[in-house]
Amino acid sequence: VAVNCAALPETLFESEVFGYSRGSFTGAVSDRAGLVAEAEEGTLFLDEAGEMPMAVQPKILRLLAEGEYRPVGEARARRATVRLIAATNLDLKCEVEAGRFREDLYWRLAVVTLVVPPLRERKEDIPDLAAFFLARSTGRLGKEITGLTSEALGVLASHDWPGNIRQLENMIERTVL
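Residues numbered from 1 in each chain as written. Predicted model: local features only at pLDDT ≥ 70, side-chain atom pairs only at ≥ 80, totals over all residues. Heavy atoms only, no water.

Asker: How should I be thinking about a nonpolar patch on the surface in this particular structure?
Answerer: Taken together, the side chains of Val111, Val112 and Leu114 make up a nonpolar region of the molecular surface, amounting to roughly 380 Å² of accessible area. Take Val111: it is sitting in the loop between α5 (103-109) and α6 (126-141). (Patch = residues over 30% accessible without salt bridge, like charges linked within 9 Å, V, L, I, M, F, W, Y side chains within 5 Å. Areas by Shrake-Rupley, 256 points an atom, 1.4 Å probe, with all protein chains shown as cover. Salt bridge = Lys/Arg side-chain N within 4 Å of Asp/Glu carboxyl O. Helix = DSSP H or I, 4+ residues; strand = E, 2+ residues; numbered from the N terminus.)

What follows is the structure in structure tokens.
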């Protein structure tokens, strides 16, 4: 279950992630399970975790540390068995130093850290990524393009890709169109 932390307004974040009980706020006409409950026995993916509101961070920390969370408007905590994976394009150590991210939550999240360099630093991946995006775009758009020429791959490899992989994907899709 994926949560885009950057896309959820701070005022809705807690109720979306942890759920709520009927009557807990205006418009809460029925109980609603949150994304944590939806991810039970599975994985909760916090995309753009560096954008998580400060007010919610202690609650995510409790979920990680104790396996407990409390839906909005409920008096009792619930147990959850979820694996949590977080991704961010921010340097969380810098965010901690700037006071925008809790240090204790950082250390809970940083158990296993994978750093994926930007595309400009791993141009050897461009042919495989371009082939993947080409196949996906041609299938989705109903086009018959079987591959890229060596000249086209050379042009792609010479670009710095400031927009990273999403920029490459968009370029391939535009080319297919």
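Asker: Would you mind going over the sheet that holds strand β7 (residues 83-87) with me for this structure?
Answerer: Through backbone hydrogen bonds, the strands of a sheet pair up, either in parallel or in antiparallel fashion. Reading across from one edge, β1-β4-β7 is the order of the three strands in this open sheet, with parallel pairing throughout. Both outer strands of the open sheet, β1 (2-4) and β7, are each paired with one neighbouring strand and no more. Geometrically, the sheet is characterised by an average inter-axis angle of 20° between neighbouring strands, direction not taken into account. Sheet topology note: the β1/strand β4 (residues 43-47) ladder contains three bridges and is parallel. Its bridge partner lying in β4, Val3 is registered against Leu46. (Pairing = 2+ DSSP bridges. Axes fitted to C-alpha atoms, helices over the stretch in contact; angles between N-to-C directions.)

Asker: Would you mind going over the nonpolar core with me for this structure?
Answerer: The tendency in soluble globular proteins is for nonpolar side chains to be buried side by side. By size, the foremost hydrophobic cluster in this structure holds 25 residues, and its most contacted members are Val3, Phe18, Val36, Leu44, Leu46, Ile60 and Leu63. At the level of secondary structure, the elements contributing two or more residues to this core comprise α1 (10-18), α2 (35-38), β4, α3 (57-66), α4 (92-97) and α5. With 11 residues, the next largest nonpolar core counts Ile126, Ala130, Leu156 and Ile172 among its residues. (Core = buried A, V, L, I, M, F, W, Y, C linked by side-chain atoms within 4.5 Å. Buried < 20%, exposed > 50% of the residue type's maximum accessible area, 1.4 Å probe, protein only.)

Asker: Sorry if this is basic, but what is going on with the packing of α6 against helix α8 (residues 164-176) here?
Answerer: Angle between the axes and distance between the axes are the two parameters that describe a pair of packed helices. Axis separation between α6 and α8 bottoms out at 9 Å; the angle between their running directions is 45°. The orientation of α6 relative to α8 falls into the category oblique. The two elements α6 and α8 meet at a crossing, and its hand is right-handed. Only Ile165, Leu168, Glu169, Ile172, Glu173 and Val176 of α8 make contact with α6, whose side of the interface consists of Ile126, Leu129, Ala130, Phe133, Leu134, Arg136, Ser137, Thr138, Arg140 and Leu141. Among the residues making up the contact of α6 with α8, the classes are represented as 10 nonpolar, two polar and four charged. (Parallel < 35°, antiparallel > 145°, perpendicular 65-115°, else oblique. Left-handed = near helix turned anticlockwise from the far one by under 90°. Contact = heavy atoms within 4.5 Å. Nonpolar A, V, L, I, M, F, W, Y, C, P; charged D, E, K, R; others polar.)

Asker: Help me understand α6 in this model?
Answerer: Owing to its 3.6 residues per turn, the α-helix aligns residues three or four sequence positions apart on the same side. Helix length check: α6, at 16 residues, gives a terminal C-alpha distance of 21 Å against a target of 22 Å (1.5 Å per residue), a fit within 8%. Along α6, the residues that are buried comprise Ile126, Leu129, Ala130, Phe133, Leu134, Ser137 and Thr138. What you see down the axis of α6 is that its buried residues fit within an arc of 155°, all on one side. Facing away from the buried surface of α6 by more than 90 degrees, the exposed residues are Asp128 and Gly139. Packed against the buried residues of α6 are α7 (150-158) and α8. Where α6 ends, the next residue or the one after it, Gly142, has phi of about 70°, a positive value. (Expected span 1.5 Å × (residues − 1). Arc of directions from axis to C-beta.)

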